Amino acid sequence: MSDQPLFISFEGIDGAGKSTHIEALAQAFTAAGRTVRCTREPGGTPLAERLRELALNQPMDALTEALLMFAARRDHLVQVIEPALARAEVVLCDRFSDATFAYQGAGRGFDPAVLGQLERWVQGGLVPGRLRQPDLTLLFELAPEQAAARLAGARVPDKFESQPVEFFRRVAQGYAERAEADPRRFARIDAAHPREQVWQSVRQALVARGWLP
Ligand SMILES: Nc1ncnc2c1ncn2[C@@H]1O[C@H](COP(=O)(O)OP(=O)(O)OP(=O)(O)O)[C@@H](O)[C@H]1O
Ligand SMILES: Cc1cn([C@H]2C[C@H](O)[C@@H](COP(=O)(O)O)O2)c(=O)[nH]c1=O
């Protein structure tokens, strides 16, 4: 089994069920002898958590939203993700930059070329010759109506969770296009199944790569 540093992101529309499986995956890696760092975006550092509070609750235009997401990401990369990977840990991250392309790009309709430029500034210069990207992105796919039903009554909705179903249809399509453009990095998980079945799909994606026994 591999002891290389691993950066794994969890993506999907709100309520798709990704957070449910992060702790289980952390336990599986810990049982396999790995040191695990669970974190999230936007957030993961004191500064990025403050930016999260603003981005999720204050009205703002799509460029401002994208800039806050990437500012939070830069601090998170420098303070948390890169040091953990340098110690050969497993980083499990609840969302990363695919979320910006899906939410601010596909959802809000903001120019993906500008997002690509921001991505190069923020995720460049950290790994020789390429952008820092997750080694694996687990994309939880679920119909927006089902995701909304799962979230209904679970908590007070934030700015994004209050968006109409059409917004999440665009976000889901944005994620699907990211996955189609980079199929080696993505594992697409059918999140409509019961929790245990979804967990087996998650586990299998890791076992297939030789990252879990
Ligand atoms: N397979 C499943 N079947 C039914 N309900 C589920 C399933 N997986 C998760 N849930 C429930 O759906 C709700 C949303 O799950 P979760 O918080 O994991 O989603 P999420 O994708 O992380 O959402 P968000 O991005 O908004 O935080 C929770 O109440 C959770 O218990
Ligand atoms: C990283 C990132 C996140 N978002 C949105 C997506 C979600 O609605 C929230 C985060 O909430 P969660 O319960 O922790 O999933 O933020 C975004 O719009 N753009 C991003 O880059």
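Here is what the cut-offs are and how they apply
- Residues numbered from 1 in each chain as written.
- Chains lettered and ligands numbered in written order.
- Predicted model: local features only at pLDDT ≥ 70, side-chain atom pairs only at ≥ 80, totals over all residues.
- Heavy atoms only, no water.
- Near = heavy atom within 4 Å.
- Polar contact = N/O pair within 3.5 Å; in protein donor to acceptor, adjacent residues only side chain to side chain.
- Areas by Shrake-Rupley, 256 points an atom, 1.4 Å probe, with all protein chains shown as cover.
- Helix = DSSP H or I, 4+ residues; strand = E, 2+ residues; numbered from the N terminus.
- Nonpolar A, V, L, I, M, F, W, Y, C, P; charged D, E, K, R; others polar.
- Core = buried A, V, L, I, M, F, W, Y, C linked by side-chain atoms within 4.5 Å.
- Buried < 20%, exposed > 50% of the residue type's maximum accessible area, 1.4 Å probe, protein only.
- Contact = heavy atoms within 4.5 Å.
- Salt bridge = Lys/Arg side-chain N within 4 Å of Asp/Glu carboxyl O.
- Patch = residues over 30% accessible without salt bridge, like charges linked within 9 Å, V, L, I, M, F, W, Y side chains within 5 Å.
- UniProt positions renumbered as here; feature names shortened; annotations may be inferred.

**Student:** Please clarify how the site of ligand 2 should be interpreted in this entry.
**Tutor:** Near ligand 2 there are 14 residues, and of these Asp-14, Arg-52, Arg-95, Thr-100 and Gln-104 occur at the shortest range. Taking Arg-73, its side chain carries an N or O atom lying 3.2 Å from an oxygen atom of ligand 2. Between ligand 2 and Thr-100 there is a distance of 2.6 Å, counted from an oxygen atom to a side-chain nitrogen or oxygen. In isolation ligand 2 offers 480 Å² of accessible surface; the protein chains occlude 95% of this area. Going through the elements one at a time, helix H2 (46–57), helix H3 (62–86) and helix H4 (97–107) are the ones with two or more residues in the shell around ligand 2. For the shell around ligand 2, the element with the most residues is H4, which contributes 4 residues. Here the shell around ligand 2 is composed, by residue class, of 6 nonpolar, 2 polar and 6 charged.

**Student:** How should I be thinking about the nonpolar core in this particular structure?
**Tutor:** It is characteristic of soluble globular proteins that their nonpolar side chains tend to be buried jointly. Ranked by size, the top nonpolar core spans 45 residues in total, and within it Leu-25, Phe-29, Tyr-103, Leu-138 and Leu-206 carry the most contacts. Setting aside residues up to four positions removed in sequence, Phe-29 forms contacts with Leu-6, Ile-8, Arg-34, Val-36, Val-90, Leu-92, Leu-206, Trp-211 and Leu-212. Residues Leu-77, Leu-85, Val-91 and Leu-118 belong to the second largest nonpolar core, which totals 16 residues.

**Student:** Explain the pattern of salt bridges here, please?
**Tutor:** Any two side chains of opposite charge can pair, so long as their charged atoms come close to each other. As enumerated under the stated definition, the model contains 17 salt bridges in all. The salt bridge involving Arg-73 is made with Glu-41; its shortest N-O contact spans 2.6 Å. Of this pair, Arg-73 sits in helix H3 while Glu-41 is found in the loop between strand S2 (36–40) and H2, placing the two residues 32 residues apart along the sequence. In terms of burial, Arg-73 and Glu-41 fall into one category: buried. The salt bridge partner of Glu-145 is Arg-169, with a shortest N-O separation of 3.1 Å. Placement of Glu-145 in helix H6 (residues 144–151) and of Arg-169 in helix H7 (residues 165–181) is noted, with a sequence separation of 24 residues between them. By relative accessible area, Arg-169 is classed as partly exposed at 41%. By sharing partners, the salt bridges in this structure join Asp-98, Glu-119, Arg-178, Asp-182 and Arg-185 into a single network.

**Student:** Looking at this model, I keep getting lost on the site of ligand 1. Mind explaining?
**Tutor:** Taken together, the neighbourhood of ligand 1 is formed by 15 residues, with Lys-18, Ser-19, Thr-20, Arg-155 and Arg-195 sitting nearest. Gly-17 has a polar backbone atom sitting 2.8 Å from an oxygen atom of ligand 1. Note that a nitrogen atom of ligand 1 is positioned 3.3 Å from one of the side-chain N or O atoms of Arg-150. Here ligand 1 has 640 Å² of accessible area as a free molecule, and 78% of this is covered by the chains. Broken down by element, the residue count for the shell around ligand 1 peaks at 3 residues, all from helix H1 (residues 18–31). Looking at side-chain class alone, the shell around ligand 1 contains 3 nonpolar, 5 polar and 7 charged residues.

**Student:** Teacher, can you tell me more about a nonpolar patch on the surface here?
**Tutor:** Judged by side-chain polarity, Leu-63, Leu-67 and Val-114 come together as a nonpolar surface patch covering roughly 210 Å² of accessible area. Mapped onto the secondary structure, Leu-63 falls in helix H3. We classify Leu-63 as partly exposed; its relative accessible area is 33%.

**Student:** What should I look at first to understand the UniProt feature "binding site: ATP" (unreviewed entry) in the chain in this one?
**Tutor:** Mapped onto this numbering, the UniProt entry gives "binding site: ATP" (unreviewed entry) at Gly-12, Ile-13, Asp-14, Gly-15, Ala-16, Gly-17, Lys-18 and Ser-19. You can see Gly-12 is positioned in strand S1 (residues 6–12). Given a relative accessible area of 0%, Gly-12 falls into the buried group. Once residues lying within four places of it in the same chain are set aside, the contact partners of Gly-12 are Lys-18, Arg-95, Tyr-103, Leu-139, Phe-140 and Tyr-175. Locating Ile-13 in the fold gives a position in the loop between S1 and H1. In this structure, Ile-13 is in contact with Arg-95, Tyr-103, Phe-140, Leu-142, Ala-143, Pro-144, Ala-147, Phe-168, Val-171, Ala-172 and Tyr-175, ignoring residues within four places of it in sequence.

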